[in-house]
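# Residue-level structure breakdown
Next come the chains, spelled out residue by residue.
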Amino acid sequence: MISFRDVVDRALDGPITSSKDFDLRLLVRTVRRLAKEYDVQYDPETPVSGDDELADRIWQAGVELFLEVGVYVPDTERRITFSRDEVELALAYNRGPILFGSGVDRREFPLRKPEDPTPPWCSLGAGGGAVSSEFHLLSLIREYARNPLCWSITTPSLTHVDGRLIVAGSPLEVEGSIRNMVMGREALRQAGRPGLPIVNGVASAAHASSHIAGAGFGIGPTDAMEIGAHHEMRVDFDSLNKVAYTLSRGSQIWAENGVILGGMAGGPATTAIVTAGYNLLDMLVLRGSTQHPFPIHFDLRTTTTRDTLWVRSVANQAISRNSWLPVANLGYVGAGPTTEMALYETAAWVTAAVVSGGSIEAEGVAKNAHVDYTSPVEPYFASEIAHAVVGMRRQEANEVVKALLDVYEARLPDAPIGVRLQDCMNLENGEITPEYREVYSKVRQEMTAKFGLEFKYPSIYL
Amino acid sequence: MAHKDDILQQIMEAFTEGEFDEIQPLVQQGLDAGLDPDGILDNGLIPGIREVGERFRRSEVYLPEMMMAADAWQEGMELLEPLISEQGGKAEPVGRVVLGAVKGDIHSLGKNIVATMLGTAGFEVLDLGVDVRASKFIDEAEGFKADIIALSALMTTTMPQQRDVVEHLLARGSRDKYYVMVGGGPTTAEWAQEMGADAFGETAADAVNLALAHVEGET
Amino acid sequence: MLTYQEITHRALSGPIMSEKDYDLKRFVRTLRRIVKKYGIQYNPDTPVPWQDDLADRVWQAALEFLSEVGAYCVDSERVIEFSQAELEQALKDAPQDVVLGEGKDARPVPIRKPEDEAPPWCSLGAAGAPVDSDEVFLSLMHAYAELPYTDSVPTPSLTRVNGRAIVAGSPLEIEGCIRTARLAKEAVRRAGRPGLCIANFVATGVCAEGHIAGHAMFGGPGDLMEIGAFAEMKTNFDIMSKVSYMESAGCRILGESGPVLGGYCGGPEGTAVTLTAYHLFVLLVLRASLHHPFCVHFGIQTSTPRDVIWARAVANQAITRHSHVPCINVGIITAGPATGMGLYETAAWIAATVASGGSIEATGAAQSTHPDYLSPMEPLFAAEVAHAVAGMPRQEVNEIVVKLVERYQDRLSDPPLGKRYQECFDLDTRRPGREVLDYYLQARHDLAEMGVAFEDEPFYV
C-alpha cells in the first residue's frame with residue numbers, strides 16, 4: 001500500500017479543483033453516471049437486500065467513483081488521486097489480524113460476510129452525543145462496560161467545563177477533551193475493565209489540537225482514534241494532521257464517514273455507491289483499521305429511514321464481500337430513551353447491518369440533538385439484537401426490518417425524544433427506572449414473540 | 001425554431017428532468033424567438049425552480065439538484081437581467097440575507113441547503129461560508145444592507161458563537177437592525193430564546209418560511 | 001494568581017473591541033501617555049544604563065500600562081482586563097525556585113539582579129532558527145549540548161521533512177514537530193546528557209496541534225515549551241489551547257514576548273515599558289514559569305541595534321529589581337557564522353543583558369532567516385562572555401558595549417551572511433574549521449582588551 005507520506009504529498013501537489021467543481025462537476029455527475037452504468041437502483045421493498053450481484057456492482061461502482069474523483073482537500077483545493085494499480089495493491093494488502101484492547105479485553109475485530117455466523121464487534125457509546133457533566137459521562141461509560149457484549153466504547157461529549165459552556169477552538173475545548181479522556185479511562189477502571197479499548201475518546205474535540213491533546217492522556221496502541229472525512233469524499237488538514245499524529249503514536253483509526261442521503265451523495269442508489277467508495281478513502285487516506293459509516297437522512301437525521309437502511313445494507317454487503325477493511329456501523333435513531341420506538345429503530349438498523357456483514361457501534365438517540373437524552377439501555381439492546389441476528393438469512397431479516405418499519409416509520413418526523421439519562425437511570429449505581437425496565441422488557445419479548453429472535457444471553461436489566 | 005410556448009415548456013422540463021445545462025441555451029433561444037424577458041422569467045425560470053424546490057421538500061430530489069438548479073437559474077438571469085433593467089424593470093429580491101456557519105464550525109451542508117432555498121424563494125443571499133467570526137457577519141450585513149443574519153452551528157461547542165454574534169450586535173448598538181435566525185443540529189428553540197435570537201429554524205424549509213414571514217411584516 | 005479558567009472566561013466574555021481599536025486607540029495612546037508621565041527617555045550613549053531610578057520608573061509604568069490596556073484575544077475580539085492588584089498578586093504567586101532538566105542534568109534557574117555575580121542561565125542553541133535537514137539538526141543539537149556552559153538547549157526548527165518543505169498547518173508540520181522532539185532527545189542523549197532541558201521543545205511548530213503532538217510524543221517533565229504572545233499583548237485560541245494542554249501535561253512554559261521597536265511600541269522607551277509589562281502578561285495569560293524576552297528592531301529585525309539593546313537592558317533591570325521570576329532573554333544576530341561581526345553582536349547584547357540581571361538564550365544567526373546558517377561558536381562565545389561579565393558594574397559594561405556596537409552598527413543593514421554549519425564545522429566530529437576558530441580567538445582577544453576577563457581557556461582549542 002502506498003505510504004501516508006505519499007498521500008500527504010498528493011494533498012499538496014494534486015490537481016487543482018475548485019470546491020464547487022469537485023462537488024457538482026466531478027462527484028455528482030460521476031456517481032450518477034455510475035449508478036446508471038452499474039444499474040444500481042433503490043428498492044424500497046428490500047431495506048435488507050439479498051442480492052449479491054447488486055452488492056458487487058455497487059462495490060465496482062464505488063471503486064470507479066474513487067478512481068475518477070479522488071479525494072478533495074479543501075485546504076489546498078486539490079485532489080488526491082490514485083491509480084487502479086494502487087487501489088488493487090491496497091485491497092490485496094495483508095493487514096494481519098485487527099486487534100484492539102489489552103489484557104483480558106484484547107480481541108480481534110471480525111472480518112464478516114453477509115449472513116456470517118461470526119458474532120459482530122459491538123462498540124457501545126452515545127454516538128458522540130452530548131452530556132451535561134463529567135459524572136453523567138462517567139456513569140454512562142461504566143454502564144456500557146458492564147455489558148459483557150461490549151468490546152469497545154466511545155465516549156459521549158462534554159458540553160461544559162466547570163459549568164462553563166465549551167467554545168470550540170478555545171482552551172475550554174482542550175480541557176474538555178482531556179477530561180473526556182481521563183474520565184473515560186477512569187470509568188473503565190471502575191467497571192473493572194481497564195483494558196477495554198476506547199475507539200473515540202475525545203468526542204468533545206472539534207479540532208486536531210484538542211484531539212491530540214486529549215489522546216495524549218489515554219489513547220495508546222491498543223485503542224483507536226476516530227477520524228472522519230467530510231461530506232463528501234473530502235479530507236482536510238485537520239483530519240490529516242490527526243492521522244499523522246495517530247500513526248506516529250501507534251494507535252489505530254476508526255475512519256468515520258457520515259454520508260448524507262439527500263446531500264451531495266444524492267439519493268439512496270448514489271449514496272450506497274459513495275459509501276462503498278469511502279472504504280478506499282478510509283483505507284488509503286485515513287489509514288483506518290475499520291470503516292465507520294453512518295448513512296444518515298439529511299432531513300430526518302437518523303439512520304433508520306427505509307432508504308438509509310437499504311443503503312447501509314447494500315453498502316455493507318458490497319464492502320464485506322470485496323474488501324479487507326471491515327465496517328463498524330454507527331447508528332442514530334430518532335426516538336429517545338424510554339420510548340419503545342427507539343428500541344424498534346435500533347433493532348431495525350442493527351439487524352440490517354449485522355446480517356449484511358457489518359459490526360456495530362450503538363448509538364446516538366433522539367437524533368443526537370438533545371443534551372443528556374441518552375442512556376446505556378439502547379446500546380445494550382443493540383448488542384443483544386446484534387448477537388441474536390447472527391447467521392440470520394437476509395431474506396428473513398428483510399421481513400423483520402419491514403415489520404419494524406411499519407411500526408415506527410410514519411413517526412420519524414415527529415419522534416418522541418423520551419427522557420434524560422438522569423430521569424431513567426440512577427447515576428450512582430446504574431439502576432434503570434421500573435418504567436423503563438417495563439418498556440425494555442416488553443419490546444424484548446416482542447422481538448422473540450413476533451420476530452422469532454432468540455436472545456443468547458440473559459439481560460442485565462431483567 | 002421552436003414555438004415560443006414550447007420553449008417555455010422546455011425550460012420547465014429541463015428543470016424537472018435535471019437537464020440544467022440546457023437552461024441557459026433555452027433562455028437564449030427564447031430571447032431569439034422574441035419572447036419577452038419578463039415572460040421567460042415569470043413563466044419559465046420561476047416556475048421551473050419552484051418545482052425543483054417543491055420536489056426537494058418532498059425528498060424527490062436532493063441537494064445536488066437544488067444547487068444545480070440554482071446555478072442554472074443564475075445563468076439564465078445573466079441573460080435576462082440586463083434586458084429587464086433596460087426595460088425599466090428590476091428583479092428586486094424579497095429580502096437580503098447574510099448567512100454562514102459561525103466561528104469554529106466547518107460544516108456547510110445544512111447552510112448550503114438553506115442558502116439555496118432562500119435564493120429560490122427570491123432572497124438575495126450573501127453566503128460567508130464557514131468559520132466566520134462574529135464581527136464579519138455584522139460588517140458584511142452592513143455592507144450588504146441585509147435584513148436578516150442567519151447563523152448555522154452544527155456542534156454544541158460552536159453554538160456559543162451564535163450568542164457571540166448577538167453580543168457583538170448589542171455592543172455596536174445594531175441589534176435592532178437585523179432579524180437574527182439560528183439553526184443547525186444541536187440548536188433548539190430554547191437555545192434561540194436563551195441566546196437572544198429572533199427565530200429558530202429546525203429545518204431548511206422552516207428557515208425560509210421564517211425569513212419570508214419576516215420580510216412580509218408578519219414577525 | 002487568577003486561574004487559567006478565569007483568564008479563559010475573560011477572553012470569552014471581556015469587553016468587545018475591534019483589533020484596530022485595541023491597537024490604535026487603547027494600546028498606542030496609553031503607552032505614549034505613560035511613557036511621558038514617567039519621564040522615560042532613551043540615551044543612545046548609554047545602551048547599558050545604570051540608573052536604578054530609571055529601572056524603577058519603567059517598572060511602575062509597565063504595571064500601570066498593563067492594568068489600563070489589558071491583553072487582547074484576536075479570536076473572540078475581546079479584551080482581557082486586569083486590575084493592578086491582580087497583576088501584583090500574580091507576581092507574588094508566580095512559580096518560585098524553578099528547576100529545569102531531569103536526573104543529573106537537573107539544575108535550578110538562578111534569580112539574578114543587575115550586576116549580580118551569580119552566573120546567568122545559559123540556554124545555548126539555535127533559538128528556533130531554521131535548518132534544512134535531520135542531519136544538520138542532529139549534529140548541531142549534539143554540539144550545543146556538549147558545550148561547557150549549556151544549561152538547556154533550544155531546538156532549531158526543521159524546514160523540511162525528507163526533503164519536502166514543511167507547509168504550516170499540514171501533516172508535514174505534525175511530522176516535523178514529532179521529529180524535532182525525537183531528534184532533540186536523541187542529540188542530548190548522545191552528548192551524555194539525557195536529562196538536559198530542551199528549552200523550546202518544538203520550535204518547528206506553528207499550530208497548536210503541532211506543538212501538542214511533539215510534546216505528547218516525547219516531552220519530558222524537565223523540558224520547556226516556548227509559547228509566545230504576538231504583537232502586541234495579543235493572544236488567540238490557538239495559543240491558549242497550547243497553554244491549556246501544557247498545564248495539564250505539567251510542562252513548564254517559557255513565556256516569550258517579542259515587542260517590536262518601531263511597531264506599536266514606538267521607540268525604545270515604549271518598547272522598554274512594553275517588554276516589562278509582558279513580564280506579567282506571560283505569567284497570567286501564558287502561565288509561564290520563566291519570561292523569555294525577545295526584542296527586535298522593526299527594520300533590521302534583530303536584537304543588536306543600539307536602541308534595542310537599551311530597551312532590553314532597561315526592561316531587564318526593571319524586571320529583575322522587582323520580580324523573582326527569571327528572564328531568559330533570547331537574541332538574534334544580524335551577521336552569520338564565521339564572521340567576526342556575529343561574535344561582536346553577540347557579545348554586545350549578551351553583556352548588556354547579563355549586567356542588567358538577565359539570563360540568556362543564544363543565538364539565532366543571520367537574522368534567523370537562512371536555513372543552516374548557524375554554528376555552536378556564537379552560543380559558546382555568548383556563554384563565555386555572559387560568565388565573564390557577571391558581577392561587573394553596569395557602567396563598565398556600558399563602555400564595552402559602546403565599543404562593540406561601534407564595530408558593527410554601520411553594517412547592520414548589509415551584514416555578512418557567513419557560512420552554513422556544515423561549511424564551517426565538521427558534521428561528524430562537530431569541531432570547527434580553521435576560519436571560524438580564528439574569528440573566535442580574535443574576538444576573545446578583542447574583548448579581553450576591552451576588559452572582559454574570560455573564566456576559562458578557549459573551548460575548541
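All of these numbers come straight from a predicted model, not from anything done at the bench.

## What about the overall build of chain B?
The helix and strand tally for chain B stands at nine helices and five strands. Starting at the N terminus and ending at the C terminus, chain B contains elements arranged as α-α-α-α-β-α-β-α-β-α-β-α-β-α. Radius of gyration (C-alpha) of chain B: 19 Å, near the 17 Å computed for a compact globule of 219 residues. Projected onto its principal axes, the C-alpha positions of chain B cover 60 × 35 × 30 Å. Considering only residue pairs separated by 6 or more positions, chain B has 72% of its internal contacts joining residues 24 or more positions apart.

## Some words on the sheet that holds strand E5 (residues 122-124) of chain A
Residue and element names in this part refer to chain A. One open sheet holds the five strands; their spatial order is E11-E7-E5-E18-E17, and the pairing between them is parallel. Because the sheet does not close on itself, it has two edges, and the strands there are strand E11 (198-200) and strand E17 (328-332). Strand-to-strand twist of the sheet, defined as the mean angle between neighbouring strand axes without regard to direction, takes the value 30°. Examined bridge by bridge, E5 and strand E7 (residues 152-154) share two bridges and lie parallel to one another. Paired with Leu124 across the strands is Ile153, a residue of E7. Strands E17 and strand E18 (359-364) of the sheet are contacted by helix H11 (residues 340-355), whose axis makes an angle of about 160° with E18.

## What about helix H6 (residues 134-144) of chain B?
Every α-helix winds through 3.6 residues per turn, so residues three or four apart in the chain are directed the same way. Taken together, the buried positions of H6(B) are occupied by Ala134(B), Phe137(B), Ile138(B) and Ala141(B). Projected onto a plane normal to the axis of H6(B), the buried residues spread over an arc of 90° and lie on a single side.

## A closer look at the nonpolar core
Core analysis: the biggest nonpolar cluster contains 400 residues, and Ile58(A), Ile273(A), Ile149(B), Met181(B), Val58(C), Phe281(C) and Ala351(C) have the highest contact counts within it. Ranked by residues supplied to this core, first place goes to H11(A) with twelve residues. Apart from residues lying up to four places away in sequence, Ala351(C) is in contact with Val385(C), Val389(C), Val397(C), Ile400(C) and Val401(C).

## Structural notes on the environment of Asp134(C)
Residue and element names in this part refer to chain C. Mapped onto the elements, Asp134 comes out in helix H5 (residues 134-146). Residues Asp134 and Asn162, spaced 28 residues apart in sequence, show a C-alpha to C-alpha distance of 8.2 Å. Setting aside chain neighbours within four positions, we find Asp134 in contact with Arg179 and Leu183.

## Considerations on the packing of helix H7 (residues 208-218) of chain C against helix H8 (residues 237-249) of chain C
The relative placement of two packed helices is expressed as an angle between their axes plus a distance between the axes. All names here are of chain C. At their nearest, the axes of H7 and H8 sit 9 Å apart, and the two run at 15° to each other. In terms of orientation, H7 and H8 fall into the roughly parallel class. Seen along the crossing, H7 lies across H8 with a hand that is right-handed. Taken together, the residues of H8 that come into contact with H7 (itself represented by Ala208, His211, Ile212 and His215) are Asp238, Ser241, Lys242, Tyr245 and Ala249.

## Some words on the domain arrangement of chain B
Residues and elements named next belong to chain B. Taken domain by domain, chain B holds domain 1 (4-86) and domain 2 (95-215). For domain 1 and domain 2, the distance between their C-alpha centroids amounts to 28 Å. Opposite the eight residues of domain 1 that make contact, domain 2 presents seven residues. At the level of secondary structure, the elements contributing two or more residues to the side of domain 1 that touches domain 2 comprise helix H3 (37-57) and helix H4 (63-86). For the side of domain 1 that touches domain 2, a count of residues per class yields five nonpolar, one polar and two charged.

## Side note on the interface of chain C and chain A
Listed as interface residues are 29 residues of chain C and, on the opposing side, 27 residues of chain A. Listing elements by their share of the side of chain C that touches chain A, those giving two or more residues are helix H1 (4-13), helix H6 (171-190), H7 and H8 of chain C. Counting residues per element, the side of chain C that touches chain A draws most heavily on H8(C), which supplies eight residues. Here the side of chain C that touches chain A is composed, by residue class, of 17 nonpolar, eight polar and four charged.

## Remarks on the environment of Val401(C)
Residue and element names in this part refer to chain C. Here Val401 is to be found in helix H13 (residues 394-408). The class of Val401 is buried, set by 27 C-beta atoms lying within 10 Å. When the C-alpha atoms of Val401 and Phe137 are compared, they prove to be 32 Å apart, with 264 residues separating the residues in sequence. In contact with Val401, not counting residues within four places along its chain, are Pro47, Val48, Ile309, Ala348, Ala351 and Ala352.

## What about unusual backbone geometry?
Residues His231(A) and Glu232(A) are joined by a peptide bond in cis, for which omega reads -20°. Omega for the bond connecting Ala231(C) with Glu232(C) falls within 30 degrees of zero, at -20°, which places this linkage in the cis form. When you line up the elements, Glu232(C) lands in the loop between strand E12 (224-228) and strand E13 (234-235). The residue Glu115(C) is not glycine, and still its phi comes out positive at about 65°. The topology assignment puts Glu115(C) in the loop between strand E4 (107-108) and strand E5 (122-124). By the C-beta count within 10 Å, which is 20 here, Glu115(C) ends up buried. Unlike most non-glycine residues, Asp372(C) shows phi in positive territory, near 75°.

## Structural notes on the confidence of the model for chain B
One rule of thumb: low pLDDT means the predicted coordinates there are not for detailed reading. On average, chain B scores 90 in pLDDT, and the residues at 70 or more come to 98%. Listed scores for the predicted complex are pTM 0.88 and ipTM 0.81.

## Some words on helix H7 (residues 208-215) of chain A
Among the eight residues in H7(A), eight count as buried, and that is most of the element. Along H7(A), the residues classified as buried are Ala208(A), Ser209(A), Ser210(A), His211(A), Ile212(A), Ala213(A), Gly214(A) and Ala215(A). Tucked into the core, H7(A) has its buried residues touching helix H6 (171-190), strand E12 (224-228) and helix H8 (237-249) of chain A together with H7 and H8 of chain C.

## Section: the packing of helix H2 (residues 23-32) of chain B against H4(B)
All names here are of chain B. Viewed as axis vectors pointing N to C, H2 and H4 meet at an angle of 25°, and their least axial separation amounts to 8 Å. When the axis of H2 is compared with that of H4, the two are roughly parallel. Two packed elements cross with a definite hand, and for H2 against H4 that hand is right-handed. Contacts between H2 and H4 involve Ile23, Gln24, Val27, Gln28 and Leu31 on the former and, on the latter, Ala72, Glu75, Gly76, Leu79 and Leu80. Broken down by class, the residue content of the contact of H2 with H4 amounts to six nonpolar, three polar and one charged.

## Some points on the pairing of strand E13 (residues 252-257) of chain A
Residue and element names in this part refer to chain A. Burial analysis of E13 places six of its six residues in the buried class, the great majority of the element. Burial of the side chains of E13 extends over both faces: Gln252, Trp254 and Glu256 are buried on one face and Ile253, Ala255 and Asn257 on the other. Summarising the sheet, E12 and E13 pair through five bridges and their orientation is parallel. The residue of E13 that forms the bridge with Ile227 is Ala255. Of the crossover connections in this fold, the one passing from E12 over H8 to the parallel E13 is right-handed. Relative to strand E15 (residues 290-293), E13 runs parallel, the two sharing four bridges. By the bridge assignment for E15, Ala255 is matched with Gln291.

Parameters at a glance
Residues numbered from 1 in each chain as written. Chains lettered and ligands numbered in written order. Predicted model: local features only at pLDDT ≥ 70, side-chain atom pairs only at ≥ 80, totals over all residues. Helix = DSSP H or I, 4+ residues; strand = E, 2+ residues; numbered from the N terminus. Rg over C-alpha atoms; globule rule 2.2 N^0.38 Å. Contact = placed C-beta atoms within 7 Å. Pairing = 2+ DSSP bridges. Axes fitted to C-alpha atoms, helices over the stretch in contact; angles between N-to-C directions. Buried ≥ 20, exposed ≤ 12 C-beta atoms within 10 Å, placed from the backbone. Arc of directions from axis to C-beta. Core = buried A, V, L, I, M, F, W, Y, C linked by C-beta atoms within 7 Å. Parallel < 35°, antiparallel > 145°, perpendicular 65-115°, else oblique. Left-handed = near helix turned anticlockwise from the far one by under 90°. Domains from an automatic or database assignment. Nonpolar A, V, L, I, M, F, W, Y, C, P; charged D, E, K, R; others polar. pLDDT = per-residue confidence, 0-100. Right-handed = clockwise from strand over helix to strand, strands pointing away.

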